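If you want the building blocks of each chain, they are given just below.
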Amino acid sequence: MASYSYVSFDFAWKALTGISFVLVAGLVCGFTAVLVRNRNSRLWTIPGPSSANWLLGNLIQLNDSQDDVILDEWAAAYGKVVRLNAFLESPLMFITDTKALNHILSHPSEYPRPEYIRRDLSKILCEGLLCTEGEKYKQQRRVLNPAFGPAQIREATNIFFEKALELRNQWAALIENGQQLARVEALHGLNLATLDAIGLAAFDHDFEALNPEKKPNELAEVMEQVFSMPNQKPILVLLKNLSPLLNYLTDPNMPLVDRAVRLMRHAGSQLIAERKADILREMSGEKTHGLRRNALQGRDVLSLLVKANIAPDVPESQPLSDEDVLAQVPTFMVAGHETTSDATAWCLYALTQAPSVQKKLRDELSKVQTDSPSMDELMALPYLDMVIRETLRLHAPVTSTVRVANQHDRIPLNEPFTGRDGLQHHFLEMPKGTMFLISILALHRSKDIWGDDALLFRPERWENVPEATSDIPGVWGHLLTFGGGPRACIGYRFAVVEMKALIFTLVRAFEFELAVDPAEIRTMPGIVLRPYLRRAPEAGSQMPLVIQRCDRS
């Protein structure tokens, strides 16, 4: 019996060893074939840095680079068309040639975002506007466009000032009687204010995240944790994309992401049900055959979505399903408040590092006779506009995007480049499947475009911007902060006005200083460019500032 057991075990061990050998040999052969194919690609003639290693290419260097500075170095060394190496040295094209970028961004059907990026985004945003492509994207965009017209933004301006003033008053209360200074965690306060603002402006619902009488807002806390998560190491990204199951094995943050999605969907389901009931009651009260969409009163995003699905004159091709409507709630909660709070925090940081700019801005804002100017009055403040533009140039919340060619294409260039073959190339011949890294920060810091002081925070540059900036294919302000082409950010006007309202209110009320040594402020790769303290990254993203009341007498 013992001999039989030993033989059985020995046979099983040899079988397992043989199977393992075959699997490993298969992986090695597969990896080698892909590596050889990539190294023989026609794209190998495009100049670029050598791989850090054969498996991960240049991805580790990118992941470890502070503020993507290494991309500036590669652009300076190799030009406006650079070949980087991704997994198994597959080509990743890093391009700062504005004519090429315009071609890519203006043809979203030919250059969609890669499937793995859409899949990762959809874990947080569901299948909302930011995660769809093709006809589904066009359908969602068509329904949502009316929510972001001038009349809607003008109406939302009152909401932005309401929440900005609420935040101002909370910070002012921290300065005790007889004291002049107080320390605030600016990013946290801005997160709460912008969550409340997007709730009212997009969903006609006050989350009351700023209300000190309420217990801490669970949704705000979870979302802040999600957006404080750094990007994963490239090897973990590779493992995650091999199998959905490995998401949970390699990503300890997945339970947190799932919790955030559950909270957003739960809140969204309640909001949709309430809004649909309200609109149906209003429609049924009419003596006519029902109301047309444009006759209904609510103009927030949620009302427009619900009306577009239940009003009797909606074309058959336009209505969104209940799931499509629900998917927009996480999209606008995230895109409508996290990016704006992040950019505003960086604006306050930049003002602490440029006291003369802060004073000049305060002087302009103090001349306004009201705490709540209209949108037109707000947009007519020239130096405020310059400060916001300069902030969004150097501190774009989303630092880069990725596209993939879904067919062979010839991409035009502003100027030719010399390849490793010694020849000049006036076009880029891109095979299907080629990946493109579009670095917003690298483009915004390009000395070829912005001049030798491109890295300097200098709002006055917007009085007379260099002619080269007109070639940047962005939807707003000679910048790529809000993207470009048909897929440009639908809510960019919303974000700009909200950011201006926050800065207007806070800079009029307080003088700002950084509460730590500037060398302590760093960033880590993540969903958005968030600030951390170098000595305490585990504490999450934060922007500690010292505030002092302004003497406006």
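Residues numbered from 1 in each chain as written. Predicted model: local features only at pLDDT ≥ 70, side-chain atom pairs only at ≥ 80, totals over all residues. Heavy atoms only, no water.

### Section: the overall build of the chain
To keep it simple, the criterion reads: For helices the rule is a DSSP run of H or I covering at least 4 residues; for strands it is a run of E covering at least 2, with both sets numbered from the N terminus onward. A simple rule labels every residue: compare its accessible area, found with a 1.4 Å probe on the protein chains alone, to the largest value its type can have, and call it buried under 20%, exposed over 50%, or partly exposed in between. Contacts: residue pairs with any heavy atoms within 4.5 Å of one another.
The secondary structure content of the chain amounts to 20 helices and 11 strands. The proportion of buried residues among the 553 residues of the chain is 52%. For the chain, the share of sequence-separated contacts (at least 6 apart) that also reach a separation of at least 24 residues comes to 72%.

### Looking at the pattern of salt bridges
Stated precisely, the cut-off is as follows: Here, a salt bridge means any Lys or Arg side-chain nitrogen found within 4 Å of an Asp or Glu carboxyl oxygen.
Inspection of every chain in the model, using the stated rule, returns 25 salt bridges. Between Lys-163 and Asp-206 there is a salt bridge; the shortest N-O distance is 3.2 Å. Of this pair, Lys-163 sits in helix α7 (residues 150-174) while Asp-206 sits in the loop between α8 (186-203) and α9 (218-227), placing them 43 residues apart in sequence. Judged by its relative accessible area of 2%, Lys-163 is buried. Across the salt bridge formed by Asp-385 and Lys-500, the nearest N and O atoms sit 2.8 Å from each other. Residue Asp-385 is located in helix α17 (residues 382-394), and its partner Lys-500 is located in helix α20 (residues 492-509); the two are separated by 115 residues in the primary sequence. Linked by salt bridges that have partners in common, Glu-390, Arg-393, Asp-453, Arg-458 and Arg-461 make up one network.

### As for the sheet that holds strand β3 (residues 181-185)
Test applied: Two strands are said to pair when DSSP picks up at least two bridges between them. Angles shown run from 0 to 180 degrees and are taken between the N-to-C directions of axes, each axis being a line fitted to C-alpha atoms and, for helices, limited to the stretch in contact.
Across the sheet, which stays open at both edges, the 3 strands sit in the order β3-β11-β8 with antiparallel pairing between neighbours. The sheet is open, and its two edges are formed by β3 and β8 (510-514), each paired on a single side. Across the sheet, the axes of successive neighbouring strands diverge by a mean angle of 35°, strand direction being ignored. Pairing analysis gives 5 bridges linking β8 to strand β11 (residues 544-549), with the strands arranged antiparallel. Considered in β11, the bridge of Glu-511 is made with Gln-548. The strands touched by helix α14 (residues 322-352) within the sheet are β8 and β11, with β8 carrying the most contacts at an inclination of about 85°.

### Considerations on the environment of Arg-420
Our working rule: Pairing of N or O atoms within 3.5 Å defines a polar contact, subject to two protein rules: one partner must be a possible hydrogen donor and the other a possible acceptor, and residues neighboring in sequence count only if both atoms are side-chain atoms.
Residue position: Arg-420 is located in the loop between β5 (409-418) and β6 (424-430). Accessibility expressed as a relative area gives 45% for Arg-420, which makes it partly exposed. Put simply, Arg-420 and Leu-43 are 377 residues apart on the chain and 9.9 Å apart in space, counted from C-alpha to C-alpha. Once residues lying within four places of it in the same chain are set aside, the contact partners of Arg-420 are Trp-44, Thr-45, Ile-46, Pro-47 and Gly-48. Reaching out from Arg-420, the side chain makes a polar contact with the backbone oxygen of Gly-48 at a distance of 2.9 Å.

### What to know about α14
Test applied: Each residue after the first adds 1.5 Å to the expected span of a helix.
With 31 residues, α14 extends 46 Å between its outermost C-alpha atoms, agreeing within 8% with the 45 Å of an ideal straight helix rising 1.5 Å per residue. The buried count for α14 comes to 27 of 31 residues, which makes it a mostly enclosed element.

### A closer look at the side chain of Asp-409
For the record, the criterion: Charge assignment in this entry is limited to Lys and Arg as positive and Asp and Glu as negative, and neither His nor the chain termini are counted.
Inspection of the secondary structure assignment puts Asp-409 in strand β5. Notably, Asp-409 is buried but unbridged: the nearest opposite-charge side chain belongs to Arg-410, and the N-O separation is 7.8 Å. Within polar-contact distance, the side chain of Asp-409 engages the side chain of His-103 at 2.7 Å. Apart from residues no more than four positions distant in its own chain, Asp-409 is found in contact with His-103, Tyr-111, Leu-428, Glu-429 and Met-430.

### Quick notes on the pairing of β5
A regular strand carries its side chains on alternate faces of the sheet. Pairing geometry for β5 and β6, over 6 bridges, is antiparallel. Across the sheet, the residue bridging to Arg-410 is Glu-429, located in β6. Counted along the chain from β5 to the antiparallel partner β6, the turn is 5 residues long, and its residue Gly-422 has a positive phi close to 85°.

### Considerations on the packing of aromatic side chains
Test applied: Paired rings are identified among Phe, Tyr and Trp, the last through its six-membered ring, by centres lying within 6.5 Å, and are further divided according to the angle between planes into stacked (under 30 degrees), edge-to-face (over 60) and tilted (the rest). Here, over-ring charges are defined by two tests on the NZ atom of lysine or the CZ atom of arginine: distance to the ring centre within 6 Å, and angle to the ring normal within 35 degrees.
Evaluation of the coordinates by the stated rule reveals 12 aromatic pairs. For the pair Trp-346 and Tyr-349, a centre-to-centre distance of 5.4 Å together with 90° between the ring planes defines the contact as edge-to-face. In this pair, Trp-346 and Tyr-349 are both assigned in helix α14, 3 residues apart and thus about one turn of the helix distant. For Trp-346, a relative accessible area of 4% puts it in the buried group. Aromatic side chains Phe-510 and Phe-512 sit 6.1 Å apart centroid to centroid with 80° between the ring planes, which places their arrangement in the edge-to-face category. Like Phe-512, Phe-510 is buried. A connected cluster of aromatic rings, assembled from ring pairs, spans Phe-148, Phe-160, Phe-332 and Phe-494. The ring of Trp-476 carries Arg-389 above its face, with NZ or CZ at 4.6 Å from the centroid. In this arrangement the basic side chain of Arg-393 is found over the ring face of Trp-450, its NZ or CZ atom lying 5.1 Å from the centre.

### Looking at the confidence of the model for the chain
Worth spelling out the cut-off: For every residue, the pLDDT score states the predictor's confidence, bounded by 0 at the bottom and 100 at the top.
Scored by pLDDT, the chain comes out at a mean of 84, with 82% of its residues at no less than 70. Between residues 25-37, whose pLDDT stays under 50, and residues either more than four places distant or in other chains, the model counts 7 contacts. Low pLDDT (under 50) marks residues 287-297, which in the prediction has 19 contacts with non-local residues, meaning those over four places away or in another chain.

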